[in-house]
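# Structural overview for review
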Amino acid sequence: MEQAAPRTVRICHLYPKLFSVAGDRGNLRALTSRCAWRGIGYSVDEADVGVVPDFTEADLILLHGGQDTEMRVAARDLGTKAGPLREAIEGGAVVLAVCAGYQLLGKYYAPVGAPPITGTGVLDAITEGGSTRFIGHIAVACDLGGDGQHSLVGFENHSGRTYLGSGATPLGRVITGSGNNGEDGNEGARYRDVYATYLHGPVLPKNPWLTDHLISRALLHRYGQLGAPDSVASLASLADQTESEAHAAALRLACRPAGKWRAVMAAGKQLATGKGTAWTSR
Amino acid sequence: MRGVAADRQATPAERLRFALALAAGKGTGAAGRLLNVGGGTSLPGAVARRIDPLVLQKVASASTARKAMITGSNGKTTTCRMLAAIARNVGVSVAQNRTGSNLLHGVTSVAVREADMRGRMDAGLLLLEVDEATMRRAVPEVVPDVILVTNIFRDQLDRFGELYAMARMLEAAVETLPPRAAAVLNGDDPLVASLARHAVARRLYYGLRVPDAGTDVPEHAADTIRCVRCLHALDYRRVYLSHLGDYECPGCGSRRPDLDVAVTEVRSSPTGGTDATIETPAGTMRVHVPLPGLHNVYNTAAALAGAFALETLDPASAQSALAGLRPAFGRLEEIKADGRLIILSFVKNPTSYNATLRMILQRPGPKHVLAAHSNTPVDGEDFAWLWDVDLEDLVPDLTSLVVSGTRAEEVALRLKYAGADPARMRVIPGREAALDAALARVPPDEPLYILAGYTPMREFRRIMQRRGWVPPFWEE
C-alpha cells in the first residue's frame, strides 16, 4: 500500500546532451510523470562529459543511445565513471541502458572498419558491428518475475550484434524483430538490477509495466525491504488507457505482415530483372 | 553502372522502350488528373521507370537545361519555390517537382511530364527537390550543375541510419560533381559546411552574420552537434536555429567557412513577413519575404546563393520575386473552411515542429489543435522524435485536442506525457472523421490548427479540396 511518508526516487541521467538522439528524454519523462502521478518525489541529477556524479546517491541511472561518433566520446569519458558505476550496480542501483548505452555496459563494441570501443564490462556481453542495420518495430516477451509475463514493444535501429556471456541473462525473447543479434532470439540483457535493451521509441512510455518495475526497484534500493514495496503490485495503480492503446498499436505494427507495397515491389523487381520467382531463386 | 544511352547510338528496341516509358508515364499522369486521385505525382515516374529504368537519365542528358538539385532535412520545398520564382522573374522557364514528391519516382515524374514524346525538354532550368536518401541514386542520373544542401537535422533516423553516415552519403554525391558544377552549402551547419572539402566543384557558402538574432548556446540537447573532424564539442559565438550558427572547434581549430552569401540584418515586419539585408557576390540586397521565422531567412539566403550559382541572380528582379511569394501548402497555410479558419502546418521533425509551435504560440487566442501522424514510406515508421518536440509548451494553451492518423495512439501518448488530459483528448485515427470532430469543437471566430505529418497533411488537404476549400495540388 502507499505509504503516508513522502518517498523520493533519485534519478541520475548520464549524458543527457550527448545521448539524446531518438526521443530518449521520453524515458525520463515517463519515470518522473509516473512518480508524480503517485505522489512519489523525484530528483534528477544530470551528468554529462567531464562530470562524475555521486553514484552512491542514485537509485535509478539512465544511460541512453547515441550514434557511433558520440559513443566514442562517451566511452572515453566513461573511463572515469566506470568504477563508481560498477560499485553502485553491485549495491543494487537500478539501471536502464538503451542502444549505445547497452553496448557501453558490455565489454566492447567493435564497429565495422573502425577501431573497437572499450565498454565498462558491467555486463557480460560483447558487440560486433554489422554491415546492415536492424531497423523496425519489435516485440519481446519478458518475464522479470513478480507479476508475470509482459510484452515489451518499441522500435530498434542498430547495426551492432550483441552476444551475451553466461554472466548476463536476456531481458526477453524476441517475438518479432531482430533483438540482440538477429540470430539467437534474445533481446537485451539483465544483470542484478541492470535492464539493457535495444528498444527505443522511447521504450518506457509505451511499456508502463517496465517503468513501474524500475520505479519500484528504485524505491527498494532507496528504502530497503522494510516498509518499502518489493513488487509493482504495491505501487498505486494508474489509469493507463492511453498507454495500453499505444502498446497495443505498437504490438500490431510489430506483428503485421510485411507491407503490401513492399511485397508487390519485390515481386515486380523479380519479374523485371528476370531472376525468376521467389520459390525458384531461393 | 548500366550503359549510358548517349555513349552510343540507341538501338530501335531501346528507342521504342524509351518512347513507351514516356507514353505510359504521361498516360498515367493524365489519368490520375482526370480521375482526381492526388495529381498522380509519383505514379507516372514509377510506371515509366518500370518500362525503361534509364528514362530519367535519358531525358536529363538530352536536355540543355541547367539542372539543380535541392536537398537537406528542412527547407527544401520553400527554397525551391524561392529559386523558381527568382529564375522565372528573369525569364527562365522552370520545370520542377512542386508538390514535395521528392523520391526517385517523383523526380522521374517531372522529367516524364516535361519531356515531349521524343524525350526533349523545353525548360531552361530543371529544379528538383530531392529527398536526402534519394540523392545517392538521383545525382548520377541527373548529373546536376548545382547541388544545394540546406541543412542536416536528426530527421527520420529510421530511414537514414546515422546522421554522420548521411553526411558522408551526401558528400559522396557532391564529390561526383565536375569542376564546372557548384555545391551550395549552408556554412552555418557544421555538418553541411564540412561536406566535400576535396570536391573539384566550386563551393559557395551561405549563412547568417546577425549579432542581434539567436542565442549563445544550442537550445535543446537534441541539437548538439560535435566537430565532424575531431568530435570535440563546438564553441558557438552565435546559435541561430538548432545547431546552425557561427561556430569554432576548440579541439582542431576548424571553424565556419567564410560566407559568400551572408545575411547581416533581420527584422520581422508588422505584416508577418521578414525584412533582411543580405550580402551577395552580386551586391548587397534588401529583401522583403512574406514568410515568418529565421528558418525562412535561411531559405532566402539559400535561394539567393543557388540563384547566383545558376547565374540567374539579378538583385532587383530577385527582390520582386521574393516579395511576391506565398507560403507553400501546409506551411501555416490559412484555409477558409465554410466560415471557419484552418491553419494547416506540415511538421516532420523536431526542428520544423518546434519552429511551427513557436509561431503558433505567438498568435493570440485559444488553441484548438488537430495533431496527426501516419507511418508510411514517406513519413517513416519511427516516431520517437515526437519526444524531442516541445509539446509541453503547447499543452497549457490547448482548448481542444483531437489526434489522428495511423499512429494516432502514439501521438496521444506523447501528448498525455506532455501534460494533456487524456479524458479531454479525442483519438480518431480516420482523417475525415477527425477533421469533422475537430471543427465541431471550434467556435466560428477561432482558428483550428492542424499539425500533421506529410501523408495526413495531404489527406486532410484532399478532403478540403473535395469540399472546395482549397485548389488541387497541381494548380499550386
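Everything below is about the structure printed above this text.
Residues numbered from 1 in each chain as written. Chains lettered and ligands numbered in written order. Predicted model: local features only at pLDDT ≥ 70, side-chain atom pairs only at ≥ 80, totals over all residues.

## Description of the sheet that holds strand β8 (residues 134-143) of chain A
Residues and elements named next belong to chain A. Taken together, the 4 strands give an open sheet; going across it, the order is β9-β8-β11-β12, and neighbouring strands pair in antiparallel fashion. Where the open sheet ends on each side, the last strands, each with one partner, are β9 (149-158) and β12 (186-187). Looking at chain direction, strand β11 (residues 172-176) and β12 are connected through 2 bridges and run antiparallel. Counted as the bridge partner of Arg173 is Asn186 from β12. Contacting β8, β9 and β11, helix α6 (residues 241-255) runs over the sheet at an angle of about 120° to β8. (Pairing = 2+ DSSP bridges. Helix = DSSP H or I, 4+ residues; strand = E, 2+ residues; numbered from the N terminus. Contact = placed C-beta atoms within 7 Å. Axes fitted to C-alpha atoms, helices over the stretch in contact; angles between N-to-C directions.)

## A few points about helix α14 (residues 408-417) of chain B
Side chains three or four residues apart in an α-helix point the same way, a direct result of the helix having 3.6 residues per turn. Residue and element names in this part refer to chain B. Among the 10 residues in α14, 10 count as buried, and that is most of the element. Those residues of α14 not exposed but buried are Ala408, Glu409, Glu410, Val411, Ala412, Leu413, Arg414, Leu415, Lys416 and Tyr417. Two residues or fewer after α14 comes Gly419, characterised by a positive phi angle close to 115°. (Buried ≥ 20, exposed ≤ 12 C-beta atoms within 10 Å, placed from the backbone.)

## Quick word on the sheet that holds strand β14 (residues 367-372) of chain B
Residue and element names in this part refer to chain B. Ordered by their spatial adjacency, 6 strands build an open sheet running β12-β13-β17-β14-β15-β16, and the pairing between neighbours is mixed. The outermost strands of the open sheet, each flanked by one partner alone, are β12 (333-337) and β16 (425-427). Going across the sheet, the axis of each strand differs from the next one's by a mean of 20°, ignoring polarity. Pairing of strand β13 (residues 340-346) with strand β17 (residues 448-452) involves 5 bridges; the strand directions are parallel. The residue bridging Ile342 from the neighbouring strand is Leu448, located in β17.

## Here we look at the interface of chain B and chain A
Taken together, the contacts link 27 residues of chain B with 36 residues of chain A. For the side of chain B that touches chain A, the elements supplying multiple residues, two or more each, are α7 (157-160), α8 (163-175) and α14 of chain B. If one sorts the elements of the side of chain B that touches chain A by residue count, α14 of chain B sits on top with 6 residues. In terms of residue class, the side of chain B that touches chain A is built from 14 nonpolar, 2 polar and 11 charged. (Nonpolar A, V, L, I, M, F, W, Y, C, P; charged D, E, K, R; others polar.)

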